[in-house]
Amino acid sequence: MLVFILRRLAQAIIVMLTVAFIAFMLFQYVGDPVTNLLGQDATEEQRIALRKDLGLDAPFPVQFARFIGNAVQGEFGLSLRQGRKVSSLIVERFPATLELSMVAGLIALGVGIPLGVYAALRRGRASSQLLMMFSLLGVSLPTFLIGILLILVFAVWLKWLPSFGRGDVVAFGTWTTGLLTADGLRHVLLPAITLSVFQLTLIMRLVRSEMLEVLRTDYIKFARARGLSNRSVYFGHALKNTLVPVITITGLQLGSLIAFAIITETVFQWPGMGLLFIQAVQFADIPVMAAYLCLISFIFVTINLLVDLLYFAVDPRLRVEGKAH
């Protein structure tokens, strides 16, 4: 187990260094932040002085080493757009993105797994076919279109839910949440549903496929031969084994929710990391863009590591193979 963890940690460090290098190398040459800050009428002396103050006059290896050293300490320099520490911007925006992603993930799991089980157990029926048609729509429709349709129906026509913003929030130190206020809950519903649709349909189709596969195995036939009830067979044996491969997909999808919340946050003007990244791209705010990519990569690597460990703990075959080697 220790060797397994150390190997995964070494791989995670290599991946993070690679992503940091690529992000820094790419965004080092996107746009001209000096021109954005000073404007076209600035003198050459002003440009040189600002480049020196920002550290942009140093060689690439020196800038990258400085970036890595600061990133390890949680510092990513100053935002070229707002003139504030990037770390403080992330602290302000990350709670909103994590809150949105967690609610979307809970919706995807809470709805996707039961629907997938139902579609597998009622295979061939009209209701199951309708669910599969819905899943195709959920996978095919772009996120921004789903968001616009939900806004049109629930915010414009029915006027049930707000169409933008985060609503009232409660602060616990530097952490903020809207889940403890009625207004915050109303504001999070539409963006969370929009963000969860793709993941929900993906989980539903995966659970259905795995459930049908498990129901054809010999030990399920043996359980039926022993006289066990359908409830015991379906939920005591089949579902438990169905969820083993779902763990990996679900864990990685949580990272995807955080990373791909950009479109949803833009449509609903949700004040999270995705909206901050879009604004940074428009302004060529290099430190914010590099920090965002490194943060998302770190989240993916961490989740992937946790999923690997959980998979290792859940599936005894991996432990047996590890001992054999």
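Residues numbered from 1 in each chain as written. Predicted model: local features only at pLDDT ≥ 70, side-chain atom pairs only at ≥ 80, totals over all residues. Heavy atoms only, no water.

Taken as a whole, the largest pocket encloses approximately 400 Å³ of empty space. Taken together, 18 residues line the largest pocket, and the ones lying closest to its centre are Leu54, Leu56, Phe76, Gly77 and Pro287. Of all elements in the fold, only helix H3 (44-54), helix H4 (60-72) and helix H13 (286-314) reach the threshold of two or more residues within the lining of the largest pocket. A total of 4 residues in the lining of the largest pocket trace back to one element, the largest contributor, which is H4. Of the residues contributing to the lining of the largest pocket, the split by class is 10 nonpolar, 5 polar and 3 charged. (1 Å grid on protein atoms, 1.4 Å probe; cavity = no way out; pocket = protein on both sides within 12 Å on 5 of 7 lines; lining within 4 Å. Points joined across faces, edges and corners; volume = space filled by probe spheres on them. Helix = DSSP H or I, 4+ residues; strand = E, 2+ residues; numbered from the N terminus. Nonpolar A, V, L, I, M, F, W, Y, C, P; charged D, E, K, R; others polar.)

Right, let's talk about the nonpolar core for a bit. Among the nonpolar cores identified, the biggest contains 28 residues, and Phe67, Ile90, Met273 and Ile299 are the most heavily contacted of them. Counting only elements with at least two residues in this core, the list comes to helix H1 (2-27), H4, helix H5 (86-121), helix H10 (230-259), helix H12 (273-283) and H13. Ranked by residues supplied to this core, first place goes to H13 with 12 residues. In this structure, Phe67 is in contact with Ala20, Phe24, Phe76, Ala290 and Cys294, ignoring residues within four places of it in sequence. Counting residues in hydrophobic clusters, the runner-up holds 17 residues, among them Ala108, Val117, Ile203 and Val207. (Core = buried A, V, L, I, M, F, W, Y, C linked by side-chain atoms within 4.5 Å. Buried < 20%, exposed > 50% of the residue type's maximum accessible area, 1.4 Å probe, protein only. Contact = heavy atoms within 4.5 Å.)

Read these as layout, nothing more, since geometry by itself doesn't imply function.
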